[in-house]
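# Remarks on the overall topology
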Amino acid sequence: MAIGMAAGNKMAQVWLYASLRQYTNGKTHLQVPGATVRELVQGLVEQHPPLEEALVYEGDLMPGIAVVVDGVTSNLGMLEPVEENSEVHFLPAIGGGSAF
Amino acid sequence: MLDYKPNMVLSQKEYQVIGTRPRRHDALDKVTGFARYSADIHLPGMLHARILRSPYAHARIKAIDTSKAQTLPGVKAVLTGKDFPKLEARIADTGEGGPANVIFLSNNCMAQDKVVYRGHAIAAVAATDPVIAEEALSLIKVDYEVLPPVLDGREAIKDGAPILHESLSPGRPRPADQKPTNIANRIEFKLGDLEEGFKQADIVVEHETHTKAVHQGYIEPQSATVMWGKDNNLTIWSSSQGQFMVRDQTASILDMPVSRIKAIPMEIGGGFGGKLLVYLEPVAALLSKKTGGLPVKVTINRTEVFEGTGPTSGTHIKVKLGATKEGRLVAAEAHLLYEAGGFPGSPVGGGARCMMAGYDIPNAYIEGLDVVINLPRSAAYRAPGSPASAFAMETAIDELCRKLNMDPLEFRLLNAAKEGTRQVTGPVFSKIGFLETLQAAKDHPHTHAKLSGPYRGRGIASGYWPNASGPASACASVNSDGTISLVEGSPDIGGTRTTAAMHVAEVLGLPVEKVKPTVGDTDSIGFTSLTGGSGVTYKTGIACYEAAQDVKRQLIQRASTIWNVQPGDVEYLKDGSLQHKSDPNLRMTFAQLAGRLNNTGGPIVGRGTVNPRQNGNAFATHVVDLEVDPDTGKVTILRYTALQDAGKAIHPTYVEGQMQGGAVQGIGWALNEEYFYNNEGRMMNASFLDYRMPTSLDMPMIDTVIVEVENPGHPFGVRGVGEVPIVPPMAAINNALYDAIGVRLNELPMTPAKVLAALKAAQSTNGHRNGRR
């Protein structure tokens, strides 16, 4: 299914913490279509391919990256539903080490 | 003056069990010595293992000769890093410790080609007797190529510094032209326009702080007993902050399915984050396998705990704050360097995320670096990362308040984050209780008490911790005698077994003594994430609440069957009895119904499996009075008050205990504790005799004030309470010390020698004796 179709043109506002902005030409917020976090990530990666390695691991959200939707830290990761005009943040883990 | 009305001050809801102070279920076993810890395991044919550790902080292993050790009578197995499975790089989630490469996890248990800290495990021996195992270690010959160590993160990031690992990169994806570096991760947060923010500032302060590695101070050293069964299944008895964490990390390191491992949680003699990583279980497992399945126990001593397991990180932090002359924070900038030890994984993420969370700051920038150095790999320690960054932030705020000539509580009340505040890291806060803790501090008699006399000072500081959640499971079985057997999955560090039981008792209207809680092993209860993040009473509490609701639903169904009525006609009363809504003659107590289950449809077992996500945020404010001995520099804590938003205190005594314990650990961190290394990376104080932790004789009574701003994400309003009380003490004491002597120390611990030197320097330059406002 094409990105945006499942979302019914819902547009969430995605905030990327500053470390990720090197992959988005410095953009801090992006309007991305999607009804779930997975669709948002797919949309982000389509626009900015290097984000995939920063956000995705074995098809799921990168361990150590938390996703916060409308102020609440998700427990569903990629499956988390996103409402129209939701504010979505990707944040680094409390433990800060790189895995590689 | 506040322009905001607190969303709620104190919980007014009435409960039967929640908020009471029953005796903990494990009290008798604990005080009589019957509680069984991991070192208490004794099995037939059990062998004892000892570990050979590196005498060098940085060295390449050229060869290991174990031949003589293997021939020593009584030796049954010898293990080196070459016996560990060769792993592909893969990420394992270590909970509060963050993500970790399984290769690093494995190498931290036993070095492969290189040692990266003194105390790094090199080899292990299993023998019939611990003395024989110890003797065998002395027969192992290791040929090292000694390398120069780097022991300070600031040196480690310089060009030409010795490199620990060739593969590290501060960012992902790893650039193709990435040079070898000791920076394992770099994170940044930006909000607003920093430059513009500082232009708006009338007052600017700049500040730099340094902290050393400190130990969690758990009393019980790590111990593990493992048996590799004939069916190739493993049984592990160990003390940890998560039996599922032990199972999963061991499975990753040994490259085997989790279903082949049964991890049995023993009682735990303290953890505070230090028992979130496995060190011994894979070692004992492989030794057991080599012996054909004999059980192998390995227990380490205190020196090994200090040298071979993880303390928290040392840190170096620069902070710059700007405020208007009215006291409004308008800009903040911070650069954090956290020393990870020999492998990546410092809590710099926690430090960066927490540092400015308490304040409404429109323009901010935070940079955090995770840097490897040749010291033991850091581990989580109570609110990992936050205490060090709070030390920098809260002392800088104190500086700012002095320049503004503004009361520090009024400053915080003016700038405090509240519901709707956007954090510097991005998300907007939901309902939080920071303002309420500040107001409680402002109202407290301690704040208004006169403090007189020379060399005495008062300081305040606040702290934040986001709390964590995770999956949790609970199983409540109704017994025929009217009791409940409750099995849950969270190892009990702070009395959580009883708070879990209290959730069930409250729902079912039973005395808590009627609920018998047990922490299950990995084959006896569903997956439960580790005991950390101040999350147990929250997540496992909700699992227990759901299990009890499940029991209640089934009891109503059963009563309706017995009475031949519809379930909707039956109600469950607060006293734990059931009755027909319109026929008062149809009534049974919980115990009466429990006694009839087997003949009326079978047992009733309630289940709760959850992964709740509104874990609530925790804020604390501490007030401290102290006195400095001008002749020795010794600091004496005169009075200490800790105030904290607990959401809803399920068992107030345990909440108070957490607040007091956190404060005491923070006081030790502030005044005494540090890993003291020589230039070769050897820890010079690797015993509790020389690593000076506070005792009861050093402490005054810690006064506590529980503020209850209910968390809407928990049925009773719980927020995590265990970690945030260690966040404010270092800054509060530093601020009080400045108040007492007029000198700002910027390094922990603030030992008598440092205080005395600072006092003399101040007296010789400006005659300052007292910095009181």
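Scroll up for the structure.
This write-up is about the structure you can find in this document. All values reported here derive from a predicted model rather than from experimental measurement.

Rules behind the numbers
Residues numbered from 1 in each chain as written. Chains lettered and ligands numbered in written order. Predicted model: local features only at pLDDT ≥ 70, side-chain atom pairs only at ≥ 80, totals over all residues. Heavy atoms only, no water. Helix = DSSP H or I, 4+ residues; strand = E, 2+ residues; numbered from the N terminus. Buried < 20%, exposed > 50% of the residue type's maximum accessible area, 1.4 Å probe, protein only. Contact = heavy atoms within 4.5 Å. Areas by Shrake-Rupley, 256 points an atom, 1.4 Å probe, with all protein chains shown as cover. 1 Å grid on protein atoms, 1.4 Å probe; cavity = no way out; pocket = protein on both sides within 12 Å on 5 of 7 lines; lining within 4 Å. Points joined across faces, edges and corners; volume = space filled by probe spheres on them. Nonpolar A, V, L, I, M, F, W, Y, C, P; charged D, E, K, R; others polar. Arc of directions from axis to C-beta. Polar contact = N/O pair within 3.5 Å; in protein donor to acceptor, adjacent residues only side chain to side chain. Axes fitted to C-alpha atoms, helices over the stretch in contact; angles between N-to-C directions. Parallel < 35°, antiparallel > 145°, perpendicular 65-115°, else oblique. Left-handed = near helix turned anticlockwise from the far one by under 90°. Pairing = 2+ DSSP bridges. Right-handed = clockwise from strand over helix to strand, strands pointing away. Phe/Tyr/Trp six-rings, centres within 6.5 Å; stacked < 30°, edge-to-face > 60°. Salt bridge = Lys/Arg side-chain N within 4 Å of Asp/Glu carboxyl O.

Along the backbone of chain A there are two helices and seven strands. In chain A, the succession of helices and strands from N to C terminus is β-β-α-α-β-β-β-β-β. The proportion of buried residues among the 100 residues of chain A is 59%. Considering only residue pairs separated by 6 or more positions, chain A has 52% of its internal contacts joining residues 24 or more positions apart. Total accessible area on chain A stands at roughly 4,100 Å², and carbon and sulfur atoms take up 51% of it.

Further remarks concern empty space enclosed by the protein. Residues and elements named next belong to chain B. Per the stated rule, a full pass over the model turns up six cavities of 30 Å³ or more. In this structure, the largest cavity encloses a volume near 90 Å³. Where the lining of the largest cavity is concerned, the elements lending two or more residues are helix 10 (348-355), helix 11 (386-404) and strand 18 (456-465). Sort the elements by how many residues they give to the lining of the largest cavity and helix 11 lands first, with four residues. Grouping the amino acids of the lining of the largest cavity by side-chain chemistry returns nine nonpolar, four polar and one charged.

Residues and elements named next belong to chain B. By the burial criterion, the buried members of helix 4 (residues 130-137) are Ala-133, Ala-136 and Leu-137. Buried residues of helix 4, viewed axially, fall in a sector of 105°; they line one side. Contacts from the buried residues of helix 4 go to strand 1 (47-53), helix 2 (67-71), strand 3 (75-80) and strand 7 (121-127). Its side-chain oxygen placed 2.6 Å from the backbone nitrogen of Val-131, Asp-129 serves as the N-cap of helix 4.

So, on to the packing of helix 7 (residues 243-254) of chain B against helix 8 (residues 281-290) of chain B. All names here are of chain B. Direction vectors running N to C along helix 7 and helix 8 enclose 55°, while the axes themselves pass 9 Å from each other. Between helix 7 and helix 8, the crossing angle belongs to the class labelled oblique. At the point where helix 7 passes helix 8, the crossing takes the right-handed sense. In contact with Val-246, Thr-250, Ile-253 and Leu-254 of helix 7, helix 8 contributes Glu-281, Pro-282, Ala-285 and Leu-286. When its residues are assigned to classes, the contact of helix 7 with helix 8 shows six nonpolar, one polar and one charged.

Successive side chains on a regular strand alternate, one facing one side of the sheet and the next facing the other. Residue and element names in this part refer to chain B. Burial of strand 13 (residues 261-265) is extensive: four of the five residues sit out of reach of the surface. Pairing analysis gives five bridges linking strand 12 (residues 234-238) to strand 13, with the strands arranged parallel. When the sheet's bridge partners are listed, Leu-234 is paired in strand 13 with Ile-261. Note on the crossover from strand 12 through helix 7 to strand 13: the handedness is right-handed.

All names here are of chain B. Within the structure shown, the criterion is met by 17 aromatic pairs over all chains. Relative to Tyr-144, the ring of Tyr-56 lies with its centre 5.0 Å away and its plane at 75°, an arrangement referred to as edge-to-face. In this pair, Tyr-56 is assigned in the loop between strand 1 and strand 2 (59-65) and Tyr-144 in strand 8 (residues 141-146), connecting sequence segments 88 residues apart. On the basis of relative accessible area, Tyr-144 is assigned to the buried category, the value being 17%. A centroid spacing of 5.9 Å and a plane angle of 65° characterise the contact between Phe-429 and Phe-619, whose relative ring orientation is edge-to-face. With Phe-429 in the loop between helix 12 (408-415) and helix 13 (434-443) and Phe-619 in strand 26 (residues 618-628), this residue pair connects regions lying 190 residues apart in the sequence. With relative accessibility at 3%, the residue Phe-429 sits in the buried group. Following the ring pairs from residue to residue traces out a cluster consisting of Phe-306, Tyr-675, Tyr-677, Phe-688 and Tyr-691.

Bringing the pattern of salt bridges into the picture now. Residues and elements named next belong to chain B. What the rule picks out here adds up to 36 salt bridges over all chains. In this structure, Asp-248 engages Arg-247 in a salt bridge whose closest nitrogen and oxygen atoms are separated by 2.9 Å. What makes Asp-248 partly exposed here is its relative accessible area of 26%. On the basis of relative accessible area, Arg-247 is assigned to the buried category, the value being 14%. Sharing partners across several salt bridges, the network here consists of Arg-24, Asp-26, Lys-30, Glu-267, Asp-492 and Arg-497.

Keep in mind these numbers describe shape, not what the thing actually does.
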